[in-house]
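# Descriptive analysis of the structure
Letter by letter, the chains look like this.
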Amino acid sequence: MNDDCNLKYPLLMVHGIAFRDWKHLCYWGRIPETLESHGAKIYFGKQDAIGSVEWNAGLIAKSLDEILEETGAEKVNILAHSKGGLESRYLANHGYADKIASITTIDTPHHGLHFVDRLMECPQWVIDSVGYATNIYGKVLGDENPDALSCFDTFTTKTAEKFNEENPIPEGIYCQSYAFKCESAFSDSLFCITYPFVRKYDGENDGMVSVESATWANFRGVLTSPARRGVSHGDVIDIRRHRITPYSPNSANQVNDILVFYMGIIDELRQMGY
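Residues numbered from 1 in each chain as written. Predicted model: local features only at pLDDT ≥ 70, side-chain atom pairs only at ≥ 80, totals over all residues. Heavy atoms only, no water.

### As for helix H3 (residues 83–96)
As a reminder, the rule being used: Labels follow the DSSP assignment, with helices taken as runs of H or I lasting at least four residues and strands as runs of E lasting at least two, numbered in each case from the N terminus. Helix span is expected to be 1.5 Å times the residue number reduced by one. Only protein chains enter the accessibility calculation, which uses a 1.4 Å probe; a residue is then buried when its area is under 20% of its type maximum, exposed when over 50%, and partly exposed in between. Between two residues, a contact is recorded if the distance between any of their heavy atoms is within 4.5 Å.
With 14 residues, H3 extends 18 Å between its outermost C-alpha atoms, agreeing within 8% with the 20 Å of an ideal straight helix rising 1.5 Å per residue. Most of H3 sits out of view: eleven of its 14 residues are buried. Among the residues making up H3, those that are buried are Lys 83, Gly 84, Gly 85, Leu 86, Glu 87, Ser 88, Arg 89, Tyr 90, Leu 91, Ala 92 and Tyr 96. In this structure, the buried side of H3 is in contact with strand E1 (11–14), helix H2 (53–71), strand E3 (76–81), strand E4 (100–106), helix H6 (148–154) and helix H7 (157–166).

### Comments concerning the packing of aromatic side chains
Rules: Working definition: rings of Phe, Tyr and Trp (its six-membered ring) pair if their centres are within 6.5 Å, and the pair is stacked with planes under 30 degrees apart, edge-to-face with planes over 60 apart, and tilted otherwise.
Inspection of every chain in the model, using the stated rule, returns eight aromatic pairs. Here Phe 115 and Phe 197 contribute two aromatic rings whose centre-to-centre distance is 6.0 Å and whose plane-to-plane angle is 20 degrees, an arrangement assigned as stacked. Of this pair, Phe 115 sits in helix H4 (residues 114–119) while Phe 197 is found in helix H8 (residues 194–202), placing the two residues 82 residues apart along the sequence. Residue classification places Phe 115 among the buried positions, given a relative accessible area of 13%.

### Looking at the nonpolar core
This is how the line gets drawn: Nonpolar cores are built from buried Ala, Val, Leu, Ile, Met, Phe, Trp, Tyr and Cys residues. Side-chain atoms within 4.5 Å join them into one set.
Counting residues in each nonpolar core, the largest one holds 30 residues, and the members touching the most others are Leu 35, Ile 106, Phe 180, Ile 258, Phe 261 and Tyr 262. Among the elements of the structure, E1, helix H1 (31–37), strand E5 (174–180) and helix H10 (258–271) are those that each provide at least two residues to this core. If you tally residues by element for this core, the top one is H10, at eight residues. Excluding residues within four positions of it along the chain, Leu 35 makes contact with Cys 5, Leu 11, Ala 40, Ile 42, Tyr 262, Met 263 and Ile 266. By size, the runner-up hydrophobic cluster in this structure holds 20 residues, among which are Leu 64, Ile 67, Leu 68 and Ala 80.

### Some thoughts on the environment of Glu 70
Mapping Glu 70 onto the fold places it in helix H2. For the pair Glu 70 and Thr 194, spaced 124 residues apart in sequence, the C-alpha separation works out to 41 Å.

### So, the pairing of E4
Heads up, the rule is: Being paired, for any two strands, means DSSP has found at least two bridges between them. A clockwise path from the first strand over the helix to the second, with the strands pointing away from the viewer, defines a right-handed crossover.
In terms of burial, E4 is largely enclosed, as seven of its seven residues are buried. Sheet topology note: the E3/E4 ladder contains six bridges and is parallel. Among the inter-strand pairings, Ile 78 is bridged to a residue of E4, identified as Ile 103. Handedness of the E3-H3-E4 crossover: right-handed. Direction of pairing for E4 relative to E5: parallel, over a ladder of five bridges.

### Description of the sheet that holds strand E6 (residues 218–223)
To be explicit about the condition: Only the contacting stretch of a helix is used when fitting its axis, a line to C-alpha atoms as for every element, and angles between N-to-C directions run 0 to 180 degrees.
Spatially, the six strands line up as an open sheet ordered E2-E1-E3-E4-E5-E6, and their pairing is parallel. Two strands in the sheet have a free side with no partner beyond their single neighbour: strand E2 (42–44) and E6. When the angles between neighbouring strand axes are averaged without regard to direction, this sheet yields 20 degrees. Here H3 sits on the sheet and contacts E1, E3 and E4; the angle it forms with E3, its principal contact strand, is near 145 degrees. Each of E1, E3, E4, E5 and E6 touches H10; the most contacted strand, E5, lies at about 165 degrees to it.

Scope: geometric values only; no functional claims are made or implied.
Right, dumping it as structure tokens:
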């Protein structure tokens, strides 16, 4: 084992919407195990799958406090995917700034999505019905307080604008963001329906979140893969548990092995003293 991921502070990984932190079905695929094998101390947010930003931030705060008590560390580094980035930002702006060393967001919809704006123009009974079914799904997963309608609203551009006003980039915390993109609706079968709609209303995207919306704080750029498919919202959390492109060499702003990408992030944070 080498120590190129051995950070000064523990790493708190915060998942996105529709999943929970399960021990035997990890949201992050092989990523935590890989980082641990290189010296990282990994912990999880343990928030609800369908919880509101405010509710989930409270659950993450509880996890963070437990981490600090267990490790004796003064702060944590946060690595967040999708909606988890919003919850991490809310936490930092509501009493926890002095307990967070850095926040790295991956494909987080910081500025909302015009695609969701259009969806929210559907008849209210349709939105309520989908919300009701989604809340049942959350309960089945183990959520204590699922709130699908709040989640839907979170992704609108109007709510995102208000959120950004109320939750600016926190001072004293190193904040950075990354965006990934697919190349077409055929890049990933999981997002073949959503990709063209997000593309139409929001531009380049990873199948769920647009590049423009994922841009926040110290934006590190748009990444894709050397192959035609690009990198999807699922690829970036190692959903398939294998390399994105088996053989293609990568160059600047290209990723063919998502594990190498995350090791690079953590190694950089280590070198920066976090």
